[in-house]
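A closer look at the structure
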Amino acid sequence: MSKRAKISMIILLSVVILLILLAGAVFTASGVFKKAKYLDPWKRDYVDQFEDPRVKLAAYGLLAPNGHNLQPWKIRLDKQNPLKFTLYTDSTRLALESDPLARQTMVSQGTFLEYLRVGGEQLGYQAAIRLFPEGEYDEQKLSGSMDQKPVAEITLSKAQPVANPLFDYMFLPDTNRMAYKPDPLTAEKRQRLEQTNADEGLKLIFLDAPEDIKKLGEYSLEGTDIETGLKRMNDESADIFRSNESQKNKYRSGFSFEGQGTTGVKKHLLQGMITIVPSFNNEEASTKLAVDAARTAAEHSPAYALILSKDNSRTSQVKAGMLYSRLLLAGHEQGLVMQPLSQVLEEYPEMKAPYTRIHQEYAPGGETIQFLIRLGQPAQDTPLSMRREVTDLIAD
């Protein structure tokens, strides 16, 4: 081998070694070798470690979809009655910028309660749910009122276990933000989904006409454009973004790359790069990602659904969340996935114009649109999201 060839070989080997070292550094920073403890609650046998049926049921509730994945739930176990407990809103887990009136937080209480109810039937417990047993919140002192007044009082009674057909679907990812297949919503599937709406004061509407699909897609994009153009919103999202496995194991709530459908090697590359060079995840980059995702979703949504309530009371908000959980689980049963599109329904000044227009157009009777949902058959699977330990929900 000539001297020049030897030098070329040495350079090549050096480059290869450098690349290996860099890749090792990136994957190590991502936490590729760390156990994903934040996924433990999704395991079927997770509840088996708890003897208290209230904790078991809360562990099922923990899997419910919720705003910003903040999991804003607290439970208090009754010290006298081993079959009674209360659900509170965790006032330390509010998204005050994007959800200033805590409406999304309240529908998240409802999603929790419905998952809990379905899980209870499977275990042989009927859950009697009494909403706001001490009255609704003092809106002038909202945070303090959340700490003092329970959202619901839950009393369990032993019953014959019932194989609820929706139970198995609680263990699937709750939100799919990817493109959906173009297949239309069939009459049979639509009929099954319509059966979930049994609450007085709520209305479930399905929209799949081309003009509605176009219009609602435009509302979704407009809402995303407005929200991502506001620094305080981007700062709020950045605060709850978990960039690597260590952060995900530490916080076990909030956003991560999985929510965008990113998995495997690509996920660890992105996580590692952002951990090493945080500026990669700047406001401009995250905004572009969000807008591109919203545009892809709008272009690949064969149907939408709306959940409307006759008023915007806290009770109606919670009931809307319960209905959404039933709808989601029934959708999973039919091979469908869903994504709530929250931006255009958010209540802050910059969103007022599209918020008003969509209500004038789709809630002309003065109802409140609690959910705007895109639904369809998945073109690709989406990963599970982070969940906290159920014991972290238990308050003194």
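Report follows, based on the coordinates. (Residues numbered from 1 in each chain as written. Predicted model: local features only at pLDDT ≥ 70, side-chain atom pairs only at ≥ 80, totals over all residues. Heavy atoms only, no water.)

Between the first and last C-alpha of helix α10 (residues 283-299) there are 24 Å, a value that for 17 residues agrees with the 24 Å anticipated at 1.5 Å per step. Within α10 the residues assigned to the buried category are T287, V291, A294, A297 and A298. Around the axis of α10, the buried residues are gathered within 125° of arc, so they sit on the same side. Opposite the buried face of α10, at more than 90 degrees from it, the exposed residues are K288 and E299. Taken together, the buried residues of α10 touch α6 (210-228), α7 (231-239), β6 (303-309), β7 (337-340) and β8 (368-376). (Helix = DSSP H or I, 4+ residues; strand = E, 2+ residues; numbered from the N terminus. Expected span 1.5 Å × (residues − 1). Buried < 20%, exposed > 50% of the residue type's maximum accessible area, 1.4 Å probe, protein only. Arc of directions from axis to C-beta. Contact = heavy atoms within 4.5 Å.)

Counting buried positions over the six residues of strand β2 (residues 84-89) gives five, a clear majority of the element. In the sheet, strand β1 (residues 73-77) pairs with β2 via five bridges, with the strands oriented antiparallel. Residue pairing in the sheet places R76 in a bridge with T86 of β2. The hairpin turn running from β1 into β2, its antiparallel successor, is six residues long. Inspection of the sheet shows β2 paired to strand β4 (residues 152-158) by four bridges, in the antiparallel sense. Counted as the bridge partner of T86 is E153 from β4. (Pairing = 2+ DSSP bridges.)

Glancing now at the sheet that holds β7. Spatial ordering of the open sheet is given by β5-β6-β8-β7, a layout of four strands whose pairing is antiparallel. The strands lining the two open edges of the sheet, one partner per strand, are β5 (202-207) and β7. Geometrically, the sheet is characterised by an average inter-axis angle of 25° between neighbouring strands, direction not taken into account. Relative to β8, β6 runs antiparallel, the two being bridged by seven bridges. Of the residues in β8, the one forming a bridge with Y304 is R374. On the sheet, helix α5 (residues 187-194) packs against β5 and β8 and is oriented at approximately 165° with respect to β5. (Axes fitted to C-alpha atoms, helices over the stretch in contact; angles between N-to-C directions.)

Read across the sheet, four strands follow the order β1-β2-β4-β3 without closing on themselves; strand pairing throughout is antiparallel. Only two strands of the sheet have a single partner each, and these edge strands are β1 and β3 (125-131). Averaged over all pairs of adjacent strands, the angle between their axes in this sheet comes to 25°, without regard to strand direction. As paired strands, β3 and β4 are joined by seven bridges and run antiparallel to one another. Its bridge partner being in β4, A128 is matched across the sheet by T155.

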